[in-house]
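# Residue-level structure breakdown
Listed below, chain by chain, are the residues.
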Amino acid sequence: DAYRFDPDHVVIKAGQTITWKNVSAMPHSATGDPAQNPVEKTHPEYIELPDGAEPWGSKMLQPGDTYSHTFTTPGKYLYICIPHVLTGMRVSITVECG
């Protein structure tokens, strides 16, 4: 369970904010910035943003740390945990029109 996001898919309305909290004993990130995808050459599809959406991402979150981001552009966002992307820490958010 230390290598997953919970839940693995969220549906929100444009303008809503999501807060991630690291409840694991190891550091993680929540990263929706294609330029920070460490496996971009082989798996560029691991991070995808809707047209017009700005890249986003947390710093490395230590146990207990939180990170919040407000989503304003509708569409599907695919994001990862940078250090654990290859263990399957990849999930999605769907942002619907408000």
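Presented here is a report on the structure given in the accompanying data block. (Residues numbered from 1 in each chain as written. Predicted model: local features only at pLDDT ≥ 70, side-chain atom pairs only at ≥ 80, totals over all residues. Heavy atoms only, no water.)

## Topic: the packing of aromatic side chains
By the definition in use, this model includes nine aromatic pairs. Ring centres 5.1 Å apart and planes at 65 degrees place the aromatic pair Phe5 and Tyr79 in the edge-to-face group. With Phe5 in the segment before strand 1 (9–13) and Tyr79 in strand 6 (residues 75–80), the pair connects residues that are 74 residues apart, well separated along the chain. Across the pair, exposure class does not vary: Phe5 and Tyr79 are buried alike. Feature note: the residues Phe5, Trp20, Trp56, Tyr67, Phe71, Tyr77 and Tyr79 constitute an aromatic cluster, connected by ring pairs. Taking the ring centre of Tyr46 as reference, the NZ or CZ of Arg90 above it sits at 4.0 Å. (Phe/Tyr/Trp six-rings, centres within 6.5 Å; stacked < 30°, edge-to-face > 60°. Helix = DSSP H or I, 4+ residues; strand = E, 2+ residues; numbered from the N terminus. Buried < 20%, exposed > 50% of the residue type's maximum accessible area, 1.4 Å probe, protein only. Lys NZ or Arg CZ within 6 Å of the ring centre and 35° of its normal.)

Function-wise, these values are silent; they only describe arrangement.
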